[in-house]
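# Remarks on the overall topology
Listed below are the residues making up each chain.
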Amino acid sequence: MTDNSTKFLISNQDAGDRLDIVLVKLLPNLSRSNIKKIIKLEQVKINSFIVVHASKKLKINDNIEITLISTEKTNILPAKIKLNIVYEDKDIVIINKPAGMVVHPGAGNHNNTLVNALTYKYKNKLSNINSTRPGVVHRIDKNTSGLLVVAKNNNAHSNLGKQFSDHTIKRTYQALSWGILRPLSGRIETLIGRSRKNRQLMSATEISGKKAVTNYTTVKVFEIKDIPKISFIECELETGRTHQIRVHMAYKGCSLLGDQQYGKKNIKFKKINEDFENKLKVLNRQALHAKSLGFVHPTTKKFMSFESKLPQDFKKILDLLNKLSH
């Protein structure tokens with residue numbers, strides 16, 4: 001078992017709460033059952049004393065030290081896959097993920113994921129808070145391109161995880177959607193939960209699920225002859241729910257171009273610009289790109305921000321739309 005120690009100082013906000021509940025909040029990548037296992041294995045100290053009860057109530061200014069050990073068996077096969085590394089230091093790696101790459105192994109995808117590539121390149125020099133997803137702090141969909149941050153150690157992982165949990169991470173996405181959003185710029189706030197019709201999909205609901213907030217701005221509306229109305233939009237996430245932007249755009253009636261799950265699957269056009277139709281076929285995925293990522297560095301405490309350019313499949317459609325709109 002590999003291990004790494006992380007420390008927290010309990011604030012007034014968490015005083016009076018159970019140890020396991022507070023640790024799940026501070027370490028959002030760990031499940032409550034994992035936290036309880038770690039506590040039972042005597043890997044948690046409060047003010048230098050080992051604690052074995054998950055129900056222990058915390059006091060303000062308690063010093064918590066948790067040794068993060070792997071409680072799950074893992075068998076990740078390293079894969080020699082080229083990675084587009086935007087930035088790297090001893091704590092973090094910023095990756096520009098291509099569309100088509102799955103972030104971590106799961107049902108039906110055990111090889112050729114980002115985690116397989118990271119395991120090959122960095123071996124054991126990745127965080128192991130979640131041993132089945134070493135280094136993974138957050139995810140973007142398989143068919144979404146763009147930036148994500150990877151943690152090289154557990155201190156960096158827990159620090160970044162808390163920033164995601166507190167919604168202080170700055171994330172901007174670019175997208176092309178069918179139709180025109182009303183209003184042109186605004187805020188979408190719903191609950192997002194599993195779809196009742198298809199458990200593999202998510203849906204916006206007002207009944208159950210997790211709070212999801214997307215702020216969006218319409219950069220440009222394209223109203224071109226022989227092409228349906230299309231909007232080029234930028235979205236800034238306050239929360240990071242599964243498929244959030246795709247679900248919210250579909251909820252607004254403006255699904256993303258190329259989205260085979262939440263979009264219009266077999267759009268039949270009576271008459272359409274041939275060049276546009278060809279580029280749409282080449283896209284073969286949702287037109288969604290994680291453009292920018294900003295956060296406070298876990299060690300230096302300085303704010304860092306990164307940007308990535310649109311990939312060619314997305315850019316070619318946007319360039320054509322701009323050309324035809326003049």
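Please refer to the structure placed before this passage.
Residues numbered from 1 in each chain as written. Predicted model: local features only at pLDDT ≥ 70, side-chain atom pairs only at ≥ 80, totals over all residues. Heavy atoms only, no water.

This part takes up the pairing of strand E8 (residues 170-178). Among the 9 residues of E8, 8 are classified as buried, and the element is accordingly described as predominantly covered. Of the pairings in the sheet, the one linking E8 to strand E13 (residues 288-296) comprises 6 bridges and is antiparallel in character. The residue of E13 that forms the bridge with Gln174 is His289. Taken together, the 7 bridges between E8 and strand E12 (residues 230-237) define a ladder with antiparallel strand orientation. Bridging from a neighbouring strand, Gln174 pairs with Glu234 of E12. (Buried < 20%, exposed > 50% of the residue type's maximum accessible area, 1.4 Å probe, protein only. Helix = DSSP H or I, 4+ residues; strand = E, 2+ residues; numbered from the N terminus. Pairing = 2+ DSSP bridges.)

As a further point, take the sheet that holds strand E2 (residues 44-46). Spatial strand order, E1-E4-E2-E3: 4 strands in an open sheet with antiparallel pairing. The strands lining the two open edges of the sheet, one partner per strand, are strand E1 (5-9) and strand E3 (49-50). Where E2 and E3 come together, 2 bridges link them in antiparallel fashion. The partner of Lys45 across the bridge, within E3, is Ile50.

The nonpolar side chains of a soluble globular protein tend to be buried with one another. Counting residues in each nonpolar core, the largest one holds 30 residues, and the members touching the most others are Ile95, Leu114, Leu118, Tyr173 and Met249. Within the residue set of this core, elements represented by two or more residues are strand E6 (92-97), helix H3 (114-122), strand E7 (145-151), E8, E12, helix H5 (244-251) and E13. Beyond its immediate chain neighbours, meaning those up to four positions away, Met249 contacts Leu181, Ile188, Ile233, Cys235, Cys254, Ser255 and Leu256. Counting 20 residues, the second largest nonpolar core, distinct from the first, contains Leu23, Leu26, Ile46 and Val51. (Core = buried A, V, L, I, M, F, W, Y, C linked by side-chain atoms within 4.5 Å. Contact = heavy atoms within 4.5 Å.)

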